[in-house]
Amino acid sequence: MFIEILEKCIGCGLCAKACPLGCITIENKKARIDQASCNLCRSCLESCKFEAIEFPEEKKQPASDLSEYRGVWIFAEQRENKLLPVALEMLGEGRKIAEVLNVPLTALLLGHEIEDLARELLEHGADTVLLADDPQLASYRTNPYARVIASLVSERKPEILLIGATTLGRDLAPRLSARLGTGLTADCTKLEVEREGRKLLQTRPAFGGNLMATIVCPNHRPQMATVRPGVMEKAEKISSTAPKGTLEKVGVKLLADDLKVLVEKIVRTDKVSLNLEEALVIVAGGRGVGNQETFKLLEEVAEALGGVVGASRAAVDAGWIAHAHQVGQTGKVVKPRLYLACGISGAIQHSAGIQGAECVVAINKDKNAPIFACADFGIVGDLNEVLPQLLKELKGR
Ligand SMILES: Cc1cc2nc3c(=O)[nH]c(=O)nc-3n(C[C@H](O)[C@H](O)[C@H](O)COP(=O)(O)OP(=O)(O)OC[C@H]3O[C@@H](n4cnc5c(N)ncnc54)[C@H](O)[C@@H]3O)c2cc1C
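In this text, all values refer to a predicted model and were calculated from it rather than measured experimentally.

Scoring rules and cut-offs
- Residue positions are given per chain, counting from 1 as you read along its sequence in written order.
- Note on the predicted model: pLDDT of at least 70 is required for a residue's local features to be given, and 80 or more for side-chain atom pairs to be given and counted; whole-chain, interface and lining totals, by contrast, use all residues.
- The side-chain figures draw on all heavy atoms in the structure; neither hydrogens nor water molecules are used.
- Residue ranges assigned to each domain were obtained from an automatic or database domain assignment.
- Once two parts are put together, the accessible area they lose, assessed with a 1.4 Å probe and summed over both, is termed the buried area.
- One side-chain nitrogen of Lys or Arg within 4 Å of one carboxyl oxygen of Asp or Glu is enough to make a salt bridge.
- The term polar contact refers here to a pair of N or O atoms within 3.5 Å; inside protein, the definition further demands a hydrogen-donor-capable atom paired with an acceptor-capable atom, and it admits residues adjacent in sequence only when both atoms are side-chain atoms.
- Convention adopted: a line fitted to C-alpha atoms gives each axis, helices being fitted over their contacting stretch, and angles between N-to-C directions are expressed from 0 to 180 degrees.
- Where helices and strands are cited, they refer to DSSP runs of H or I of at least four residues and of E of at least two residues respectively, numbered from the N terminus.
- Here the angle decides the label: under 35 degrees means roughly parallel, over 145 means roughly antiparallel, 65 to 115 means roughly perpendicular, and every other value means oblique.
- Each crossing gets its handedness from the near helix: less than a right angle anticlockwise from the far helix is left-handed, clockwise is right-handed.
- Only heavy atoms matter for contacts: two residues are in contact if any of them lie within 4.5 Å across the pair.
- Charged means Asp, Glu, Lys or Arg here, nonpolar means Ala, Val, Leu, Ile, Met, Phe, Trp, Tyr, Cys or Pro, and polar covers whatever is left, Gly included.
- Pairs of strands are assigned from DSSP output, requiring at least two bridges between the strands.
- Within 6.5 Å between ring centres, the rings of Phe, Tyr and Trp (the latter by its six-membered ring) count as paired, and their orientation is classed by plane angle as stacked under 30 degrees, edge-to-face over 60, tilted in between.
- Accessibility here uses a 1.4 Å probe with only protein chains present; expressed as a share of the type maximum, an area under 20% marks a residue as buried, one over 50% as exposed, and anything in between as partly exposed.
- The rule is short: NZ of Lys or CZ of Arg within 6 Å of the ring centre and within 35 degrees of the ring normal puts a charge over the ring.
- Residues grouped as a nonpolar core are buried Ala, Val, Leu, Ile, Met, Phe, Trp, Tyr and Cys residues, joined through side-chain atoms within 4.5 Å.

A word on the domain arrangement of the chain
No. 1: For the chain, the assigned domains are domain 1 (4–54), domain 2 (63–259) and domain 3 (271–395).
No. 2: The C-alpha-based centres of domain 2 and domain 3 are spaced at 33 Å.
No. 3: Buried surface at the junction of domain 2 and domain 3, summed over both partners, amounts to about 670 Å²; 42% is from carbon and sulfur atoms.
No. 4: Of all residues in domain 2, the largest losses of buried area upon contact with domain 3 belong to Arg 228, Pro 229 and Gly 230, amounting jointly to 49% of the total for that side.
No. 5: Applying the counting rule to domain 2 against domain 3 returns 1 salt bridge.
No. 6: A salt bridge links Glu 278 to Lys 234, with the shortest nitrogen-to-oxygen separation between them at 4.0 Å.
No. 7: For the pair domain 2 and domain 3, the interface holds 2 residue pairs in polar contact (both at pLDDT 80 or more).

What follows is the structure in structure tokens.
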């Protein structure tokens with residue numbers, strides 16, 4: 001969908017001023033929109049006094065079609081035949097939404113030889129698990145997964161479909177939303193639902209994290225969102241011995257076109273990227289660590305505590321550690337029992353990632369550093385002195 005500048009444009013520049021992304025320029029007394037950067041927010045449309053901007057209307061699904069869609073679905077991502085924590089987090093969130101809408105909660109499970117995972121989902125409160133079990137689905141590939149899910153959604157019409165904002169989910173969800181002709185809100189940190197209008201209120205950071213935007217998808221179904229891992233609460237295991245939900249095995253029909261991409265081998269790049277969100281102990285370093293070499297000291301402390309190394313964006317940007325270690329708004333949201341923050345000032349974007357930590361201990365040489373406001377224990381001192389002492393103490397135990 002493209003915005004068009006019409007003949008009526010006099011190049012007054014009001015639209016350029018109104019554009020929050022700065023993607024409008026005035027050239028030869030006429031506005032020019034950088035369509036690649038435009039996010040269709042309509043600010044320019046509202047600012048134009050000359051009706052010189054045309055915004056093609058979206059095609060709406062008729063209301064009768066919308067009412068055919070019922071139920072909440074979550075995509076239960078598994079890797080190497082283990083459910084990802086985000087699958088249970090979405091099950092927890094999906095249950096809350098399904099209760100407000102008074103509809104069943106369904107988990108979609110794709111893979112090969114994973115029936116035990118279907119049981120795990122039922123034990124955690126899914127009303128139905130749709131299990132697509134096929135050797136072709138053993139390793140994730142975009143087209144086979146998109147084919148199976150898109151045909152199930154088209155046939156059974158859920159009103160909401162949630163997918164984890166993992167690497168896989170970030171690949172799968174846009175493909176699905178395009179195939180299904182519906183909208184997608186990526187990387188949501190909060191979900192609510194309006195009982196009356198059955199609208200999913202999808203909240204996510206916008207404009208570089210400077211404000212939170214709540215997005216709705218009023219005219220199309222299903223309402224699709226990816227959900228940031230580590231933010232929502234996991235569904236609890238139901239205490240009764242026999243879960244009430246049902247397991248339904250669905251047929252898998254793939255086309256030759258879907259199978260063009262072959263997975264030859266899976267190469268693990270960084271184990272931290274897989275387990276930072278699950279780690280019980282994180283020793284994180286910021287700009288105060290000073291260099292790549294000193295990060296080795298943090299690694300030793302992390303190892304002695306049975307934990308992993310995290311980092312602030314400043315440390316990642318300095319190239320001392322890979323982005324997979326970054327904690328915060330644009331990194332990982334973590335929930336360890338112990339978070340040891342070394343040489344991290346505690347900027348809001350960093351603290352946003354450690355809200356779920358049980359105990360935060362900060363080492364910083366500035367006693368006024370904001371990190372102390374969210375720390376349970378603080379050590380005012382130079383990390384180059386404190387960490388070696390701590391390591392000696394830990395090794396002596
Ligand atoms: C849209 C957006 C998203 C962002 N996302 C993230 C994110 O996900 N994660 C993130 O971390 N940041 C993020 N940031 C960046 C964030 O705003 C901060 O710039 C960043 O967190 C600062 O990192 P820092 O605390 O390591 O560095 P600084 O703010 O420079 O702090 C370094 C600290 O180290 C202390 N120090 C220095 N030397 C020593 C020493 N020898 N011993 C002990 N203490 C010492 C100093 O007193 C200081 O408090 C984001 C910013 C924006 C605008």
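Description of the packing of helix 6 (residues 142–156) against helix 7 (residues 167–180)
No. 1: Running from N to C, helix 6 and helix 7 point in directions that differ by 45°, and their axes come no closer than 9 Å. The angle between the axes of helix 6 and helix 7 places the two elements in the oblique class. Between helix 6 and helix 7 the crossing geometry is right-handed. The segment helix 6 lies against helix 7, with Thr 142, Asn 143, Tyr 145, Ala 146, Arg 147, Ile 149, Ala 150, Val 153 and Ser 154 engaging Asp 171, Leu 172, Arg 175, Leu 176, Arg 179 and Leu 180.
No. 2: A per-class count over the contact of helix 6 with helix 7 returns 8 nonpolar, 3 polar and 4 charged.

A short note on the sheet that holds strand 20 (residues 359–364)
No. 1: Sheet architecture is open: 5 strands sit in the order 18-17-19-20-21, paired in parallel fashion. Looking along the sheet, the strands with just one partner apiece sit at the ends: strand 18 (308–311) and strand 21 (377–380). If you compare each strand with its neighbour and ignore which way they point, the axes differ by 20° on average.
No. 2: Here 4 bridges tie strand 20 to strand 21, and the two strands are oriented parallel to one another. Note that in strand 21 the partner of Ile 363 across the bridge is Ile 379.
No. 3: Strands strand 17 (281–285), strand 18 and strand 19 (338–342) of the sheet are contacted by helix 9 (residues 292–304), whose axis makes an angle of about 135° with strand 18.
No. 4: Running at roughly 145° to strand 19, helix 12 (residues 383–395) makes contact with strand 19, strand 20 and strand 21 of the sheet.

Side note on the packing of aromatic side chains
No. 1: Counted according to the given criterion, the structure contains 3 aromatic pairs.
No. 2: An angle of 80° between the planes, with centres 4.9 Å apart, marks the rings of Tyr 140 and Tyr 145 as edge-to-face.
No. 3: We classify Tyr 140 as partly exposed; its relative accessible area is 23%.
No. 4: Taking the relative accessible area as the measure of exposure, Tyr 145 reaches 3% and is therefore buried.
No. 5: A ring pair is formed by Phe 295 and Trp 320, whose centres lie 6.5 Å apart and whose planes are at 50°; its orientation type is tilted. Of the two residues, Phe 295 sits in helix 9 while Trp 320 sits in the loop between helix 10 (313–317) and strand 19, which places them 25 residues apart along the sequence. Just as Phe 295 is buried, Trp 320 falls in that class too.
No. 6: Positioned over the ring face of Phe 55 is Arg 42, at 4.0 Å from the centre of the ring.

What to know about the packing of helix 9 against helix 12
No. 1: With their axes 10 Å apart at the nearest point, helix 9 and helix 12 run at an angle of 30° to one another. Taken together, helix 9 and helix 12 sit at an angle that is classed as roughly parallel. The handedness of the crossing between helix 9 and helix 12 is left-handed. Here Thr 294, Leu 297, Leu 298, Glu 300, Val 301 and Ala 304 of helix 9 come into contact with helix 12, specifically with Leu 383, Asn 384, Leu 387, Pro 388, Leu 390, Leu 391, Leu 394 and Lys 395.

So, the environment of Ile 266
No. 1: Looking at where Ile 266 falls in the secondary structure, it is placed in the loop between strand 16 (246–249) and helix 8 (271–275).
No. 2: For Ile 266, a relative accessible area of 59% translates into the label exposed.
No. 3: Measuring from C-alpha to C-alpha, the distance between Ile 266 and Ser 139 comes to 9.1 Å, with 127 residues separating the pair along the chain.

What to know about the nonpolar core
No. 1: Residues Leu 91, Ile 97, Leu 109, Leu 121, Leu 162 and Leu 191 are the most contacted members of the largest nonpolar core, which totals 35 residues.
No. 2: Looking at this core, the elements that each hand over two or more residues are strand 5 (72–75), helix 4 (85–101), strand 8 (105–111), helix 5 (115–123), strand 9 (128–133), strand 10 (160–164), strand 12 (190–193) and strand 15 (223–227).
No. 3: With 8 residues, the single largest contributor to this core is helix 4.
No. 4: For Leu 191, the residues in contact, after removing those within four places along its chain, are Glu 93, Ile 97, Leu 162, Leu 200, Leu 201, Gln 202, Ala 225, Val 227 and Met 232.

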